[in-house]
Amino acid sequence: MCGVLSLYRFSVRRVSSRIRTGNLVEYAGSPWRVLRVLGVEAVLLRSDTGAEVSVDPLAIRFPEACPALPSLLVTDELAYSEDNWAEATRRHDLVTALAGKASRTTADVATAAMSLGVTPRHVWGLLRRSRANGLEIAGFLPSRRRPRAMRLGSGTEAIIQQAIDRHYAKLSRPGLQSLVREVAGRCKAADLPSPSAKAVKARVRARDQVWLARRREGPGKARSLALLTGAHPGAAAPWERVQIDSTPCDIRLVAETERTVIGRPTITFAIDIYSRTILGFSVSLQSASTITVATCLAHACLPKRDWLAQRDLANVHWPVWGKPLVLEYDQGPENEAKGIQRGLRLHGIRSKVRQKGHPEHHGTIERLIGTMMRRIHERRGTTFGSINERGDAEPDRLACLSLPELEQVVVLEIDHYNHSAHAGISDRPLDRYLAWYQQPNLPDDQRIPPLLPAGRFLLDFLPYERRRLVRTGFRLFRVDYSARDLLGMWKRQTRRRLSASWSTTRAAWQRYGSSTTRMASTFRCLTVYRAPT
């Protein structure tokens, strides 16, 4: 934006430099002479007939006889340092002051030339330009040489490009010297002069670096070089879109009683896209699994008052519960497990799976995890984000938090997060969340999120296995289970099978005829499923 504003300022100054007293201009298709410049909004013009008119300077045109203005140069501001701009400003001010000096002498011009490091003749040229069109600060910046034109023959150029495509752009990642030798061999075979290593390197730099990275190092490296475009669709209400993700927590935990190091936990977060409110979390000593995701969903969707009271955190204000309309997660096996998918189907929650290798698609939850890990790094026993960041710290020696204590720490950090201003929404997440339910035009049935059955919700998302119930019970994990309570379930299952078998038998009888032999054999088979009396 700064570059656009500066270009506009320069162009106005160039136009205004031609609107001077006595200059010939064109207005409404007729020639006029500038009589007086009244200001920014008005210029007094006089025609050959003696008529005078006050017009807007922007409505004035210049006749073809006037010398053409030099083209407006577009300056790349990032190509110059602050020192370059400061020196250009000093030179511009010096020439401008000299041009505005009424009693200018040759000695003044010589002094200015010495200060600028140029000849007096160059200074006289700058003064003439200043009187004609004005001077820009960008005109005093150091000149940048244009890159040299490619001087190799078309045959050699084609050989270099072909060698880059077929030899250099491979996952084996050949070096530049290998490419130079390949090009030299191809040129020798074609009876062409071999280019220098510098020329081959210049052609490699001129190629699309994102394409080269994809061919040599894979799509992951190419994505890190490419410009990210697009945006998340967002949400118009709380619980419309919820993102969930798991990550190893950067801290070592100790046992509650022995206070010995027991490992590094896994933490799972769920965040609301509309309000950026952290809906819930779970901490577990096992790696990311169906259980960690299920417990996080249950913690996010159910009221938390009793849960906080059990952990001596009753003063934490976290009135968040409900059911997501769309749950967004990655392609991890813990999210695609049968238990999670079964729970989503039972509760009518739609899923949106992030493409593999595109963490930017779920930037909200990724930034949340980064924020929480930075706060965890302030605790004793942290492993930090990498070995280089850890330095000489000894997490196993400094570890002091148990699993319940880490839960308390995470709750306090979440409470601080929910009640602090969020840069993405310019509001506090929890205030934005509650404000949506306090809208005056909102129907009464939408002012309170739905309350889900606490005893059943978690079970719907836990891992499960299907087993067939027989007269002796069922077998699971190489263990046989049988109980009198299963008898009623087995009877209902047997009656359903009998009913289905009878329907099949009746359809077959209608199709093949009423043979008593077939019917007798069919009933003998069905007696196997008869329930005991």
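These figures come from a predicted structure and were not determined experimentally.

A few points about the packing of aromatic side chains
Stage number 1. In this structure the tally under the stated criterion is six aromatic pairs.
Stage number 2. Judged by centre distance (5.9 Å) and plane angle (90 degrees), the rings of Phe281 and Trp307 are edge-to-face. In this pair, Phe281 sits in strand E9 (residues 278-284) while Trp307 sits in helix H11 (residues 305-310), placing the two residues 26 residues apart along the sequence. This pair shows no difference in class: Phe281 is buried, exactly as Trp307 is.
Stage number 3. Consider the rings of Trp436 and Tyr437, whose centres lie 5.3 Å apart with planes at 80 degrees: the pair is edge-to-face. There is no split in this pair, since Trp436 and Tyr437 are both buried.

Quick notes on unusual backbone geometry
Stage number 1. A positive phi angle is found at Trp239, which is not glycine, with a value near 70 degrees.
Stage number 2. Examined against the element boundaries, Trp239 turns out to sit in the loop between helix H9 (219-225) and strand E5 (241-248).
Stage number 3. Despite not being glycine, Ser426 has its phi angle at roughly 55 degrees, a positive value.
Stage number 4. With respect to the element layout, Ser426 can be found in the loop between helix H16 (403-418) and helix H17 (429-437).

Some remarks on helix H13 (residues 363-376)
Since one α-helical turn is 3.6 residues long, residues separated by three or four positions face the same way.
Stage number 1. Its 14 residues place the ends of H13 20 Å apart at the C-alpha level, agreeing with the 20 Å of an ideal helix rising 1.5 Å per residue.
Stage number 2. Counting buried positions over the 14 residues of H13 gives 10, a clear majority of the element.
Stage number 3. Buried within H13 we find Gly363, Thr364, Ile365, Leu368, Ile369, Thr371, Met372, Met373, Arg375 and Ile376.
Stage number 4. Those residues of H13 that are buried lie in contact with E5, strand E8 (266-272), E9 and H16.

Examining the nonpolar core
Stage number 1. Core analysis: the biggest nonpolar cluster contains 56 residues, and Phe269, Phe281 and Leu406 have the highest contact counts within it.
Stage number 2. Tallying contributions element by element places helix H10 (residues 290-301) first for this core, with seven residues.
Stage number 3. The contact partners of Leu406, leaving out residues within four places of it in the chain, are Cys249, Ile251, Leu253, Pro265, Val283, Ile376 and Leu401.
Stage number 4. The next biggest cluster of nonpolar side chains, apart from the first, holds 14 residues, and it includes Ala88, Ala112, Leu116 and Ala138.

Quick notes on helix H18 (residues 454-461)
Stage number 1. For H18, the complete set of buried residues consists of Phe457, Asp460 and Phe461. Summarising the axial view, the buried residues of H18 lie within an arc of 90 degrees, below the 170-degree limit, and thus occupy one face.
Stage number 2. In this fold, the buried residues of H18 make contact with H10 and helix H12 (338-346).

Points about the pairing of E5
Stage number 1. Within E5, seven of the eight residues are buried, leaving the element largely enclosed by the surrounding structure.
Stage number 2. Judged from the three bridges that link them, E5 and strand E10 (residues 326-329) form a sheet pairing that is parallel. Bridge assignment links Gln243 to a residue of E10, and that residue is Glu328.
Stage number 3. Bridge count for E5 against E8 is seven bridges, and the pairing is antiparallel. Bridged to Val242 within E8 is Asp272.

Cut-offs applied
- Residues numbered from 1 in each chain as written.
- Predicted model: local features only at pLDDT ≥ 70, side-chain atom pairs only at ≥ 80, totals over all residues.
- Heavy atoms only, no water.
- Phe/Tyr/Trp six-rings, centres within 6.5 Å; stacked < 30°, edge-to-face > 60°.
- Helix = DSSP H or I, 4+ residues; strand = E, 2+ residues; numbered from the N terminus.
- Buried < 20%, exposed > 50% of the residue type's maximum accessible area, 1.4 Å probe, protein only.
- Expected span 1.5 Å × (residues − 1).
- Contact = heavy atoms within 4.5 Å.
- Core = buried A, V, L, I, M, F, W, Y, C linked by side-chain atoms within 4.5 Å.
- Arc of directions from axis to C-beta.
- Pairing = 2+ DSSP bridges.

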